[in-house]
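Residues per chain, in single letters:
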Amino acid sequence: MSDSPDSTENHRTSPKQITRRQALGYGAATAVGLAGLVEFGPAAWAAGTTTAPQAAAPPLVEADYADPTGLYPIDAAGTASPVLTVTFNSPTALSGTITWAVSARGAQEITKGQTGFTAPAGQASTTSIPLGTLGPDYYAVAVTVTSTAGTQLLKETHGLGVLRPTIQGRRPGSCFGMGIRGESAPLVTRQIAQRIGVKWTRGVFSVLPDTVCPSRGVFWGKADIDRARAEVAEWHSYGIEPTGFINYNMSWNVQPGADGKPLRPHQNRPKDMVAHADMVYHAIAPLQDLVKNWEVWNEPWVHGWAWMTGDGQDYRDMTKLIWDRVKPPFPDVNLLGGGSVSYNRDIVYAKGSKDTGYIDGSVNHAYGYPDATQYAMAKPQIKMDRLWSRTGGRAGQWQTELGTAEVHSFPGLPPNEAGYAVARTLAPTHLLHMLAGAEEDSPMRIFWFSLCYDKTYSGQEFNIYDIKTKSPRPAVVAYATMTGLLEDCELLTELYPKARSTWGFLFKAADGHGRAAVYADQLFDGTMEHPDAGYTGTLTLTSAQGVRVYDYLGRRLFDGEAEKATLTLSPWEVLYFDSDLSPDELKAALTTGAVFTYDTPLKITPLPFTKPIGPDSTIDVRVENVSPQAVHANLRITPPQGWKTDHRESAIPELAPGESRVVSLPVISAQADPENRYTIGYDATIPGRKGFHQDGTRTVQVAYAPFRPITVGADASQWDGVVPVTMTSGTKEYAFQAAWDADFLHIRARIQDDLQVSNDPFAVNGYLFPFKADSIQLAFDAVQDKTEDLLAGDPHYDKALTSISHLFVATLAKGDVAELHRQLAPGTNYQTYYPTNAPLPTPLGTMDAHPGSGSEGRILVTRDDVGKVTTYEVALAWNQLPELASAARALPPGAVHEATMGVQVQDSGTGGRGATYWTAQNEAPASGCYNFAPFWASGAQFTGGRVDTRWGIGR
């Protein structure tokens, strides 16, 4: 994200053609897989040091609170008594009435009233209105001011937060940070941050490159240094630790653009790297006793918006120069680098490249929904730091920007609902990152973006305060609830590592008692905007005494007095458990002593047919227990219309949490559908749950590759009889056919597309990612032993961390140049191609594949501009998929090998449909992991998920 003081453009487009609005539409992908493509951020770090403009005349009528933060901590009795203030600044005398109403969460009216006012002429006067005694929660206060003449002078709704206690004082070991803006009123902003439990802020506003080094060889003096030290001391007085932040270049040391014209400090690498390293040293030296952690650059995207002509080796050179300048005199200072998990893997730790790993800790920007890929990205971030950082990643991981925004993340919700949706995502996002850090025993710092009290800025759509009313949004109360209950706690374990529906985090509090946070997960329903899409149900504690329960906004749900408690589970709404029990006792209460009653405890997936329809066909349905407890189910399958089976019902006894079984229903007679679409119904019941039915339908297809000699570029009739699988995106249809012969696996794709969007050929510009132009992707999971998979063997591997083994991209570059790219295979280290990186054992980039020749395959892409169709013919040489080749070649006649394979279509450009995934169109997708980023998106549900779809290869 851009931190340039004059970076105010909201919809810039990078060379990779991803606008910030588009990127946020990808949800978690912006956080993980596409983090390197997002291009905006906390602008104007220097704003807090600029001269304030002349104050405008005060408004005629202004509503506020007696406490300007709008946040009221509860007292010993568990309540607070907020006071609304209405201030008049009228040149003439005024009188009238103030009508007000307080509602909890904008829905449940708590209290209301009407108060008269008299305001004298020419001087300010304030009417104070006590709003009653309120418990912890988020409230909306509607206020209307009307004169005696009937003129409406003001009508506004202000947020109000009544907060549970938070932990005060400095906590350098805390994970709870906030992107606190320098533009805002500093006193009130720091009061807010202190009150809600913020323990870290990003950057010291007084430290700017032009201040530290205004010209070559000239460095800041005592007055500027004293100002910076005083700022740090002030942060400390509020219990907040500032990180150091090198806010890009000195303005006089920016490498010009490719056209030789000057660029702004954030847009390109330093021209003189030695001078830049010297500036960084002089920034750190006078503050190193107060500030130990320094971020060296924000999002240095190679050939992107912030490193326009720089390359990956430039970045590595810069970090080594800074290291060599800073570390000898200040060995305890930590240097933080990178910008996303994929950037760290591709650039900072590029395998075999020169001067890798000159950082003590890595940076990631995890914008987006709290899909399990937040956790799945943080895990390899930690492992890479530990393996390849020069100090083993001693500084830990710094998620310096993450969050969701009402307008971008939840555009389909009304504004009064979107604010609560953001609040619901806050704690799950933090918890997933905290879990990764705890499991790997590595520090994790998390900076929610962002907090500004009363000023506009680039990226303000992420603000958790309403700058118009200067009042909190629901996320503020959610943050305070989280920090109040989880600060000074040690995260011990995740309670439900097999259950896809549920996340549970067990803590040990400072007093030795157990605490926990539990939430039901969300599901992708095409939008991921509404909680109806996720897991809902109840959690019953059978031994609940001594366990107090609070919801995500601090409202107490259970006081711990009764033996039994039943709680509602809703997607992403965290339940907090504060107990008098030991951690082990609380764990037992939430596992063996808990009963989860989900509306959809099973994930039921009719699977594609892996051979042509015939009398020996079977209807296969995968049933997974997503709940945290064993389930016994009965499944009734309804075959496609006109089909006959010898039975329809099957018992599925004792499905363990996370366990999947495939129910196969033999077919007596079947009818092939010329459209290759077969609708299968299902209805599951659970003995003992009276009236329970989990039912639905899904349309599946035959996904089958027969043995057939194919010649790339020959007449299309050679594909006659090969049944295509189809995907749809709006009005567009995409068709894929597959076949194989002795030498190749063949794929033919016909893609309806109004506009062909192409990159320059790879030979002309190797920095352009093929998967961002119009393209198709072919993904395989063909290798069991993924030696480069840093997460193999993790307890959560099946739940959220599964990876693939091979990925190829076919695209048509400008000049009708067909290209086949290898994006992932054993020996590629899960890296993306960058021109200045060292060659990998298995090369990345374009493959040796042409229409009629090539040791690695064949590729032909033709465009019909009249018919608006692009046709891809791809032949992957079996040497690219040796394990799959071995299985296919060993098949006896009539046999089928079940391969794990997925396809994706990228439709870019004006009117483009974006990415469409075979995985998502075949089933409700499940979260995958980091090797998908930054190509098969991130592995998040809403970007295709994991590749676990089957495809038959038959002889």
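Residues numbered from 1 in each chain as written. Predicted model: local features only at pLDDT ≥ 70, side-chain atom pairs only at ≥ 80, totals over all residues. Heavy atoms only, no water.

## Observations regarding the pairing of strand β38 (residues 732–740)
Logical step 1: The element β38 is largely enclosed, with a buried count of eight among its nine residues.
Logical step 2: Here strand β37 (residues 725–729) pairs with β38 via five bridges, running antiparallel. By the bridge assignment, M727 is partnered in β38 with Y734.
Logical step 3: With antiparallel pairing between neighbouring strands as the criterion, β37 and β38 make up a hairpin whose turn holds two residues, including G730 at a positive phi of roughly 65°.
Logical step 4: As judged from the seven bridges shared by β38 and strand β39 (residues 744–752), these two strands associate in the antiparallel manner. The residue bridging A739 from the neighbouring strand is H746, located in β39. (Buried < 20%, exposed > 50% of the residue type's maximum accessible area, 1.4 Å probe, protein only. Helix = DSSP H or I, 4+ residues; strand = E, 2+ residues; numbered from the N terminus. Pairing = 2+ DSSP bridges.)

## Some points on the pattern of salt bridges
Logical step 1: Tallied over the full model, the rule gives 49 salt bridges.
Logical step 2: The partner of D760 in a salt bridge is K814, and the shortest N-O contact between them spans 3.5 Å. Note that D760 is positioned in the loop between β39 and β40 (775–780) and K814 in the loop between β41 (806–813) and β42 (817–824), a separation of 54 residues in sequence.
Logical step 3: We classify D760 as partly exposed; its relative accessible area is 26%.
Logical step 4: For K814, a relative accessible area of 46% puts it in the partly exposed group.
Logical step 5: Here the residues in one salt-bridge network are K379, K383, E439, E440 and D794, joined through shared partners. (Salt bridge = Lys/Arg side-chain N within 4 Å of Asp/Glu carboxyl O.)

## Considerations on the sheet that holds strand β34 (residues 678–685)
Logical step 1: Read from one edge of the open sheet, four strands run β32-β30-β34-β35, paired in antiparallel fashion. Only two strands of the sheet have a single partner each, and these edge strands are β32 (649–655) and β35 (694–700). Between one strand and the next, the sheet's axes are offset by a mean angle of 25°, whatever the strand orientation.
Logical step 2: Of the strand pairs in this sheet, strand β30 (residues 631–638) and β34 are connected by five bridges, and their pairing is antiparallel. Bridged to I637 within β34 is Y682. (Axes fitted to C-alpha atoms, helices over the stretch in contact; angles between N-to-C directions.)

## Some thoughts on the environment of G135
Logical step 1: Along the chain, G135 falls in the loop between β6 (125–130) and β7 (137–147).
Logical step 2: Spatially, the C-alpha atoms of G135 and A849 are 68 Å apart, while their sequence positions differ by 714 residues.
Logical step 3: Leave out the neighbours within four places in its chain, and G135 touches G78 and V162. (Contact = heavy atoms within 4.5 Å.)

## Some thoughts on the packing of aromatic side chains
Logical step 1: All told, the structure shown has 40 aromatic pairs when counted by the stated rule.
Logical step 2: Counting every residue linked through ring pairs, the aromatic cluster contains Y248, W297, W301, W307, Y315 and Y343.
Logical step 3: Lying across the ring of W235, R190 places its NZ or CZ 4.2 Å from the centre.
Logical step 4: Sitting above the plane of the F707 ring, R955 keeps its charged end 5.1 Å from the centroid. (Phe/Tyr/Trp six-rings, centres within 6.5 Å; stacked < 30°, edge-to-face > 60°. Lys NZ or Arg CZ within 6 Å of the ring centre and 35° of its normal.)

## Remarks on the nonpolar core
Logical step 1: Grouped together as the largest cluster of nonpolar side chains are 138 residues, with contacts concentrated most on W294 and F505.
Logical step 2: Looking at this core, the element that brings in the most residues is helix α10 (residues 415–439), giving 12 residues.
Logical step 3: Grouped together as the second largest cluster of nonpolar side chains are 39 residues, L745, F780, Y872 and W951 included. (Core = buried A, V, L, I, M, F, W, Y, C linked by side-chain atoms within 4.5 Å.)

## Let's talk about the sheet that holds strand β22 (residues 537–541)
Logical step 1: Strand order across the open sheet formed by three strands is β25-β22-β27, with antiparallel pairing between neighbours. Since the sheet does not close on itself, it has two edges, and those belong to β25 (565–569) and β27 (594–598), each with one partner. Mean inter-strand twist for the sheet, computed between neighbouring axes without regard to direction, equals 20°.
Logical step 2: Pairing analysis gives five bridges linking β22 to β25, with the strands arranged antiparallel.

## Notes on the side chain of E788
Logical step 1: Here E788 lies in the loop between β40 and α13 (797–801).
Logical step 2: The side chain of E788 is buried and forms no salt bridge, while K351, the nearest opposite charge, is found at 4.5 Å.
Logical step 3: Apart from residues no more than four positions distant in its own chain, E788 is found in contact with A825, P826, G827, T828, N829, Y830 and Y930. (Lys, Arg positive; Asp, Glu negative; His and termini not counted.)

## Remarks on the environment of S389
Logical step 1: You can see S389 is positioned in the loop between α8 (373–388) and β15 (396–402).
Logical step 2: For S389, a relative accessible area of 7% gives the class buried.
Logical step 3: Placed 478 residues apart in sequence, S389 and G867 show a C-alpha to C-alpha distance of 53 Å.
Logical step 4: Among residues more than four places away in sequence, those in contact with S389 are Y349, G357, I359, D360 and M384.
Logical step 5: A distance of 3.1 Å separates the side chain of S389 from the backbone nitrogen of G393, its partner in a polar contact. (Polar contact = N/O pair within 3.5 Å; in protein donor to acceptor, adjacent residues only side chain to side chain.)

## Quick notes on the state of the cysteines
Logical step 1: Taken as a whole and assessed by the stated rule, the structure comprises zero disulfides.
Logical step 2: The thiol of C175 is not disulfide-bonded; the next cysteine sulfur, from C489, is found 10 Å away. (Disulfide = S-S within 2.5 Å.)

## Things to note about the packing of α10 against helix α11 (residues 474–486)
Logical step 1: At a closest axis distance of 7 Å, the pairing of α10 and α11 adopts a crossing angle of 30°. As summarised for this structure, α10 and α11 are arranged roughly parallel, according to the angle between their axes. When you trace α10 past α11, the crossing you get is right-handed. Residue-level contacts link G419, Y420, V422, A423, L426, A427, H430, L431 and M434 of α10 to P474, A475, A478, Y479, M482 and L486 of α11.
Logical step 2: Residue composition of the contact of α10 with α11, grouped by class: 13 nonpolar, two polar and no charged. (Parallel < 35°, antiparallel > 145°, perpendicular 65-115°, else oblique. Left-handed = near helix turned anticlockwise from the far one by under 90°. Nonpolar A, V, L, I, M, F, W, Y, C, P; charged D, E, K, R; others polar.)

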